[in-house]
Amino acid sequence: MFNFSDERTRWFMNHVLPHEPRLRAWLQGRRSAVFDVDDVIQETYTILAARETVEDIRNPRAYLFQVAHSIIVHHVRRARIVSIRAADDLEGFDPADQAASPEQTAIDRDELQRLAEAIAAMPGRMREAFILRRVHDLPQQEVARRMKLSESTVEKHIGRSFKFLIQRFGDSGRPGSRASRTVKAETAVFDRAKNQRGH
Amino acid sequence: MIARKTNEDIDDVAVAWVAREDRAPLSEEDKQALRVWLDGDPRRPGAYLRAKAVAMRTLSARALGANYDPAGFGGAEGEQRPSRRRIMAWGGAALASAAVVGVAMGLQAPRAYATARGEIRLTPLADGSTMMLNTQTLVRVKYDRDRRFASLDEGEAYFTVLPDPARPFVVEVAGRRFSTTSGAFRIRKLKGEPLDVLVHGGRLDLTSHAPPGAERAVVLEANMRLTARDNTAAVPRRASQDEVRRDLLWREGQIAFEGETLAQAAASFARYSDVRVVVPDPALAREPVVGLFAANDPVGFGHAVAEMFGATAEVRNGAVVLQRGSGEE
């Protein structure tokens with residue numbers, strides 16, 4: 001009933017993951033006691049995993065916001081108590097506002113740079129394990145041998161490195177989020193440069 | 001709070017599953033346990049899909065190259081001090097002050113960067129701009145007070161230039177000069193092939209040229225591409241999003257084919273590896289190839305293609321030989 005194929009994962013990586021910071025920021029702007037932002041995000045992704053096909057989704061970003069919106073509605077209804085705030089927000093929803101300009105997408109795409117910086121920010125042993133596994137492409141077993149660790153410890157390091165990256169790439173407003181500040185600063189720089197050109 | 005698992009706990013379990021899959025294929029027992037776990041909460045499948053996608057994204061870390069040094073990207077001790085990039089972002093006005101420029105921008109002695117066959121390397125520059133060099137590429141870089149200069153002697157490189165209106169970034173290649181104050185672009189000059197420039201973001205100006213005067217007003221914006229032979233005027237054209245995406249896949253260590261002949265595909269691999277892909281049969285060599293492949297794995301490519309066309313792939317004398325028919329030779 002769920003599709004976790006490489007193809008679906010790749011689609012998700014290319015068309016959904018890059019929008020998570022904006023989605024999170026949008027949800028945080030509508031935060032209420034009725035739902036938890038990260039619950040909504042996970043449930044939204046579950047809907048994407050449950051879809052039979054994603055080929056018919058023309059604008060994945062707009063679709064993503066729509067699904068998240070429908071999940072909020074569901075939570076709000078289930079909670080029975082509808083705050084005035086939540087009700088207002090449901091009315092004022094316009095997915096078209098959320099469409100990215102092509103230029104933004106182009107700049108967002110330069111992701112290897114961000115990955116290089118994210119690896120640099122990992123804590124010591126996790127970083128070492130990650131670099132051996134992913135940059136040098138060694139199997140976990142070989143990473144364990146070189147680091148003189150058990151294979152299950154390496155597996156844990158690798159798992160935590162994925163979590164580290166989930167938080168770093170998906171963050172735009174969690175407290176103490178270094179990643180988001182940097183991303184925003186970079187975007188601001190590009191925006192400024194654009195304005196100077198008279199766009 | 002209710003005694004329901006938090007979304008963070010769910011992420012912990014999701015990444016643990018993906019890390020286990022990264023170690024080895026799951027046993028039947030594990031697969032069953034994973035199914036049970038996924039069905040237990042409406043948030044879990046989404047968390048698991050995201051963990052898989054992030055793990056997939058990290059595969060491109062291979063393209064950082066064996067010489068990747070986290071210290072060059074604000075790692076380790078860099079955690080405490082703001083990176084140059086952030087200094088620039090926050091202190092745009094302060095950049096006008098010569099003292100800050102000296103510290104933040106670092107004047108550089110000329111330096112050459114080269115990659116071997118099959119190597120892909122991301123190189124940070126003194127001002128936080130970066131270059132990603134593809135296989136067999138040579139770039140020389142020199143930063144001066146009024147100009148950031150790079151010359152691409154051969155190969156292919158992707159430049160991400162951070163803004164500095166006072167100090168343009170100039171790239172010289174094949175007798176032409178391109179200039180920008182900020183942008184991202186890919187430049188390719190292979191032996192015997194025309195110069196090929198693709199702008200990904202920002203803008204790039206063609207500032208000098210041969211023959212004189214012929215290309216004075218050429219401006220390239222995002223998603224524009226220019227190809228030029230030595231003495232012909234270069235005319236830019238629009239590139240589709242899809243073309244741009246495919247053209248830049250090498251940055252993740254991949255090559256994409258969309259109907260190129262097997263002979264052409266084999267030639268593409270020759271740029272990345274000493275192991276040649278050989279297709280003696282001309283009919284087989286004309287078959288169209290579609291798919292995404294690891295650039296540094298000609299043997300894997302050979303096996304995949306053999307399967308596609310009902311051929312066999314045999315590795316001998318440092319070459320992958322593709323042949324149709326069942327071993328009668």
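My aim in this report is to walk through the structure given alongside it, one point at a time. (Residues numbered from 1 in each chain as written. Chains lettered and ligands numbered in written order. Predicted model: local features only at pLDDT ≥ 70, side-chain atom pairs only at ≥ 80, totals over all residues. Heavy atoms only, no water.)

## A closer look at the overall build of chain A
Reasoning step 1: Regarding its fold elements, chain A presents 11 helices and 0 strands.
Reasoning step 2: Reading chain A from its N end, one meets helices and strands in the order α-α-α-α-α-α-α-α-α-α-α.
Reasoning step 3: For chain A, with 199 residues in total, the buried portion stands at 52%.
Reasoning step 4: Here the contacts in chain A between residues at least 6 apart in sequence split such that 66% fall between residues at least 24 apart.
Reasoning step 5: Carbon together with sulfur atoms contributes 49% to the accessible area of chain A, which is approximately 9,800 Å² in total. (Helix = DSSP H or I, 4+ residues; strand = E, 2+ residues; numbered from the N terminus. Buried < 20%, exposed > 50% of the residue type's maximum accessible area, 1.4 Å probe, protein only. Contact = heavy atoms within 4.5 Å. Areas by Shrake-Rupley, 256 points an atom, 1.4 Å probe, with all protein chains shown as cover.)

## Concerning the sheet that holds strand 17 (residues 319-324) of chain B
All names here are of chain B.
Reasoning step 1: In spatial order, the strands read 14-17-16; together these 3 strands make up an open sheet with mixed pairing. At either margin of the open sheet sits one strand with a lone partner, and together these are strand 14 (276-278) and strand 16 (311-316). The average undirected angle you get between the axes of adjacent strands in this sheet is 20°.
Reasoning step 2: In terms of strand pairing, strand 16 meets strand 17 through 6 bridges, oriented antiparallel. Directly across from R316, in strand 17, lies its bridge partner A319. (Pairing = 2+ DSSP bridges. Axes fitted to C-alpha atoms, helices over the stretch in contact; angles between N-to-C directions.)

## Quick notes on the pattern of salt bridges
Residue and element names in this part refer to chain B.
Reasoning step 1: In total, this model carries 46 salt bridges over all chains according to the counting rule given.
Reasoning step 2: In this structure, D127 and R148 form a salt bridge, with 2.6 Å as the shortest nitrogen-oxygen distance. Residue D127 is found in the loop between strand 2 (121-124) and strand 3 (130-133), and its partner R148 is found in strand 5 (residues 148-161); the two are separated by 21 residues along the sequence.
Reasoning step 3: Residue D205 pairs with R203 through a salt bridge whose shortest N-O separation is 2.8 Å.
Reasoning step 4: One network of salt bridges, with partners in common, ties together E156, R186, R188, D196, R225, R237, E243, D247 and R271. (Salt bridge = Lys/Arg side-chain N within 4 Å of Asp/Glu carboxyl O.)

## Let's talk about the packing of aromatic side chains
Residue and element names in this part refer to chain B.
Reasoning step 1: For the structure on display, the rule yields 12 aromatic pairs over all chains.
Reasoning step 2: The interplanar angle of 50° and the centroid separation of 6.1 Å between the aromatic rings of F257 and F269 together place this pair among those described as tilted. Taken together, the residues span a long stretch of sequence, with F257 in strand 13 (residues 254-261) and F269 in helix 7 (residues 262-270) at a distance of 12 residues.
Reasoning step 3: Here F257 falls in the buried class, since its relative accessible area comes to 3%.
Reasoning step 4: Three or more aromatic residues joined by ring pairs form one cluster here, namely Y143, F159, F169 and F185.
Reasoning step 5: Against the face of Y158 rests R251, its NZ or CZ located 4.1 Å from the ring centre. (Phe/Tyr/Trp six-rings, centres within 6.5 Å; stacked < 30°, edge-to-face > 60°. Lys NZ or Arg CZ within 6 Å of the ring centre and 35° of its normal.)

## Looking at the environment of I166(A)
Reasoning step 1: With respect to the secondary-structure elements, I166(A) resides in helix 10 (residues 151-170).
Reasoning step 2: In the structure, I166(A) is positioned 146 residues away from E20(A) in sequence and 9.8 Å away in space, judged by C-alpha atoms.

## Re helix 9 (residues 140-147) of chain A
Reasoning step 1: Among all positions in helix 9 of chain A, only Q140(A), E142(A), V143(A), A144(A) and M147(A) are buried.
Reasoning step 2: Just downstream of helix 9 of chain A lies K148(A), where phi reads positive at about 55°.

Shape is all these values report; function is a separate question.
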